[in-house]
Amino acid sequence: MPRPIQAFISVSAIRHNLNVVRTHAPGARVWGVVKANAYGHGIARVLPAMSHADGLALLDLQEAQLSRQLGFVGPILLLEGCFEPADLELAIALHLSIVVHCNEQLQLLRRYSGPGGVEVYLKMNSGMNRLGFPPGQMQAAYAALREIPSVLGITLMTHFAQAETPDGITEALTRFQEATRSLPGPRSLANSAATLMHPAARADWVRPGIVLYGSSPFATKSAGELGLRPAMTLRSQIIAIQDLAPRDAVGYAGRFVAQKAMRIGVVACGYADGYPRSAPNGTPVLVAGHRVALVGAVSMDMITVDLSGIGEVTVGSPVELFGDGLSVDEVARSAGTVGYELLCALAARVPTRAEP
Ligand SMILES: *Cc1c(COP(=O)(O)O)cnc(C)c1O
């Protein structure tokens with residue numbers, strides 16, 4: 001028998017969350033962002049829900065290839081564009097759309113002499129200072145793209161650095177609008193946070209990722225309050241129970257020392273499964289429906305939790321690390337990170353099952 005840990009992916013939750021996005025941006029088309037193996041959920045598992053999106057956005061050519069092999073025929077957007085000539089050939093062969101964010105990528109397109117053509121997302125740097133042309137170069141980049149025969153169409157794009165706060169995008173949006181005022185074509189600006197919080201940024205295509213998986217991009221608004229359903233639930237079991245006397249310690253380095261007699265449950269889940277090693281004492285864990293506290297260091301294959309006062313728990317009792325009954329965002333916050341990181345961290349060794 002394998003270790004009892006298992007992840008469950010709810011396809012219907014993703015479909016529901018996609019509908020939540022659509023109610024916020026009824027006029028926009030939706031790129032379902034499935035980069036990083038669909039934020040840890042598995043491209044193949046989420047695809048049945050993503051068939052309700054207007055396209056898939058990702059950044060790994062292998063993931064694009066897999067999506068095509070699995071039968072996805074809609075648009076696929078390569079969010080970081082191409083890195084070398086062979087990428088462009090494959091992108092065109094697979095009918096992908098590509099981001100062009102720098103002059104080197106423009107050159108790459110210019111040098112392409114093969115058959116076919118490609119839809120281009122011309123990206124502007126609106127203040128994130130990672131990818132994108134400076135506002136002052138957008139006109140020239142647009143003009144250069146228009147000269148390239150293999151460029152079929154051009155969409156204007158940017159990505160906000162601070163869409164999570166009420167006035168976080170004001171300056172960036174103005175910068176984008178001013179730099180692109182004279183340029184025709186559709187626009188794509190909004191990630192999850194911008195789609196939900198900033199109506200002015202919804203434009204023609206929105207690019208939600210995290211909300212599709214039922215995690216909130218906002219520190220002050222929970223996924224539940226946003227009407228989202230968790231798509232990933234990580235479950236395991238109690239595999240041992242220890243009774244501690246006062247001053248007994250638990251786990252590596254004795255990070256937790258019992259002040260009184262305590263009952264400790266050992267859970268088959270550790271950092272090699274993707275659970276954050278940074279989770280401190282007190283991080284919530286759900287055991288047989290009870291919220292209990294993690295105590296002691298997270299180790300590679302196990303964590304330990306305080307079962308004092310919960311009589312009925314035995315070896316084999318069910319544990320939920322996050323998901324349906326315990327928000328991934330709450331666990332992430334306790335560990336000093338965000339839901340994104342926990343979802344993406346789900347390890348390959350965890351048996352995972354999709355549920356319709
Ligand atoms: C990852 C990504 C998104 C999705 O972001 P979320 O915060 O998960 O909604 C959108 N656009 C770009 C360019 C991205 O890289």
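Residues numbered from 1 in each chain as written. Predicted model: local features only at pLDDT ≥ 70, side-chain atom pairs only at ≥ 80, totals over all residues. Heavy atoms only, no water.

## Focus: the overall build of the protein chain
Line of reasoning, step 1. When its secondary structure is counted, the protein chain shows 11 helices and 18 strands.
Line of reasoning, step 2. Its C-alpha atoms put the protein chain at 75 × 45 × 35 Å along the principal axes.
Line of reasoning, step 3. The 356 residues of the protein chain split such that 53% are buried.
Line of reasoning, step 4. A sequence separation of at least 24 residues applies to 63% of the contacts in the protein chain between residues at least 6 apart.
Line of reasoning, step 5. Surface accessibility of the protein chain: about 15400 Å² in total, with carbon and sulfur atoms responsible for 53%.
Line of reasoning, step 6. Of the side-chain charges in the protein chain, 29 are positive and 28 negative, and the distance between the mean point of each set is 2 Å. (Helix = DSSP H or I, 4+ residues; strand = E, 2+ residues; numbered from the N terminus. Buried < 20%, exposed > 50% of the residue type's maximum accessible area, 1.4 Å probe, protein only. Contact = heavy atoms within 4.5 Å. Areas by Shrake-Rupley, 256 points an atom, 1.4 Å probe, with all protein chains shown as cover. Lys, Arg positive; Asp, Glu negative; His and termini not counted. Charge placed at Lys NZ, Arg CZ, Asp CG, Glu CD.)

## Some remarks on the site of the ligand
Line of reasoning, step 1. Residues in contact with the ligand amount to 13 residues; listed here are only the nearest, Lys35, Tyr39, Ser192, Ile210 and Tyr340.
Line of reasoning, step 2. Take Ser192: an N or O atom from its side chain is 2.5 Å from an oxygen atom of the ligand.
Line of reasoning, step 3. Arg207 places a side-chain nitrogen or oxygen 2.9 Å from a nitrogen atom of the ligand.
Line of reasoning, step 4. Across the complex, the protein chains shield 92% of the 390 Å² of accessible surface that the ligand would expose by itself.
Line of reasoning, step 5. Partitioned by chemical class, the residues of the shell around the ligand number 7 nonpolar, 4 polar and 2 charged. (Near = heavy atom within 4 Å. Polar contact = N/O pair within 3.5 Å; in protein donor to acceptor, adjacent residues only side chain to side chain. Nonpolar A, V, L, I, M, F, W, Y, C, P; charged D, E, K, R; others polar.)

## Structural notes on the packing of helix α1 (residues 11-24) against helix α3 (residues 43-50)
Line of reasoning, step 1. The N-to-C vectors of α1 and α3 enclose an angle of 45°; their axes lie 8 Å apart at closest approach. Taken as axis vectors, α1 and α3 run oblique relative to one another. Here α1 runs over α3; the crossing is right-handed. Contact residues: Val11, Ile14, Arg15 and Leu18 in α1; Arg45, Val46, Pro48, Ala49 and Met50 in α3.
Line of reasoning, step 2. When grouped by side-chain class, the residues that make up the contact of α1 with α3 number 7 nonpolar, no polar and 2 charged. (Axes fitted to C-alpha atoms, helices over the stretch in contact; angles between N-to-C directions. Parallel < 35°, antiparallel > 145°, perpendicular 65-115°, else oblique. Left-handed = near helix turned anticlockwise from the far one by under 90°.)

## Remarks on the state of the cysteines
Line of reasoning, step 1. Enumeration according to the criterion identifies 0 disulfides in this entry.
Line of reasoning, step 2. Free of any disulfide, Cys82 has its nearest neighbouring cysteine sulfur in Cys102, separated by 11 Å.
Line of reasoning, step 3. With relative accessibility at 5%, the residue Cys82 sits in the buried group. (Disulfide = S-S within 2.5 Å.)

## A closer look at the side chain of Asp273
Line of reasoning, step 1. In this structure, Asp273 sits in the loop between β13 (262-267) and β14 (284-287).
Line of reasoning, step 2. In this structure Asp273 comes out as buried when scored by relative accessible area, which is 0%.
Line of reasoning, step 3. In contact with Asp273, not counting residues within four places along its chain, are Arg3, Ile5, Met300, Asp301, Ala345, Leu346, Ala347, Arg349 and Val350.

## Structural notes on the pattern of salt bridges
Line of reasoning, step 1. Taken as a whole and judged by the stated rule, the model has 8 salt bridges.
Line of reasoning, step 2. As a salt-bridge pair, Asp273 and Arg349 come within 2.6 Å of each other at their nearest N and O atoms. Taken together, the residues span a long stretch of sequence, with Asp273 in the loop between β13 and β14 and Arg349 in the loop between α11 (339-344) and β18 (352-355) at a distance of 76 residues.
Line of reasoning, step 3. On the basis of relative accessibility, which here comes to 38%, the residue Arg349 falls in the partly exposed class.
Line of reasoning, step 4. Taking the shortest distance from any N to any O, the salt bridge between Arg353 and Glu355 comes out at 3.7 Å.
Line of reasoning, step 5. Three or more residues joined by partner-sharing salt bridges are found here, namely Arg3, Asp273, Asp301 and Arg349. (Salt bridge = Lys/Arg side-chain N within 4 Å of Asp/Glu carboxyl O.)

## Focus: the nonpolar core
Line of reasoning, step 1. The biggest cluster of nonpolar side chains holds 118 residues, and the ones touching the most others in it are Ile98, Leu109, Tyr213, Tyr275 and Val285.
Line of reasoning, step 2. Broken down by element, this core gets its largest block of residues, 6 residues, from α1.
Line of reasoning, step 3. The residues touching Tyr275, leaving out its near neighbours within four places in the chain, are Cys269, Gly270, Thr283, Pro284, Val285, Leu294, Val298, Ile303, Leu321 and Val331.
Line of reasoning, step 4. Membership of the second largest hydrophobic core comes to 7 residues, among which are Leu244, Val250, Phe256 and Ile264. (Core = buried A, V, L, I, M, F, W, Y, C linked by side-chain atoms within 4.5 Å.)

## A short note on the packing of aromatic side chains
Line of reasoning, step 1. By the definition in use, this model includes 4 aromatic pairs.
Line of reasoning, step 2. The interplanar angle of 75° and the centroid separation of 5.8 Å between the aromatic rings of Trp31 and Tyr121 together place this pair among those described as edge-to-face. Of this pair, Trp31 sits in strand β2 (residues 29-33) while Tyr121 sits in strand β6 (residues 118-124), placing them 90 residues apart in sequence. The pair Trp31 / Tyr121 is uniform in exposure class, with both members buried.
Line of reasoning, step 3. When the centroid spacing of 4.8 Å and the interplanar angle of 25° are considered together, the rings of Tyr39 and Tyr213 count as stacked. (Phe/Tyr/Trp six-rings, centres within 6.5 Å; stacked < 30°, edge-to-face > 60°.)

## Here we look at unusual backbone geometry
Line of reasoning, step 1. The backbone phi angle of Asn37 is positive, close to 55°, even though this residue is not glycine.
Line of reasoning, step 2. Mapped onto the fold, Asn37 is located in helix α2 (residues 35-39).
Line of reasoning, step 3. One non-glycine residue, Ala203, lies in positive phi territory at about 55°.
Line of reasoning, step 4. Tracing the chain through its elements places Ala203 in the loop between α9 (192-197) and β9 (205-206).
Line of reasoning, step 5. We classify Ala203 as partly exposed; its relative accessible area is 34%.

## Concerning the environment of Leu226
Line of reasoning, step 1. Looking at the element boundaries, Leu226 is found in the loop between β9 and β10 (232-244).
Line of reasoning, step 2. The buried category is assigned to Leu226, whose relative accessible area is 13%.
Line of reasoning, step 3. Spatially, the C-alpha atom of Leu226 lies 8.4 Å from that of Val20, the residues being 206 residues apart in sequence.
Line of reasoning, step 4. Those residues in contact with Leu226, other than ones at most four positions away along the chain, are Val20, Leu196, Ser216, Pro217, Phe218 and Lys221.

The analysis is restricted to geometry; functional conclusions fall outside its scope.
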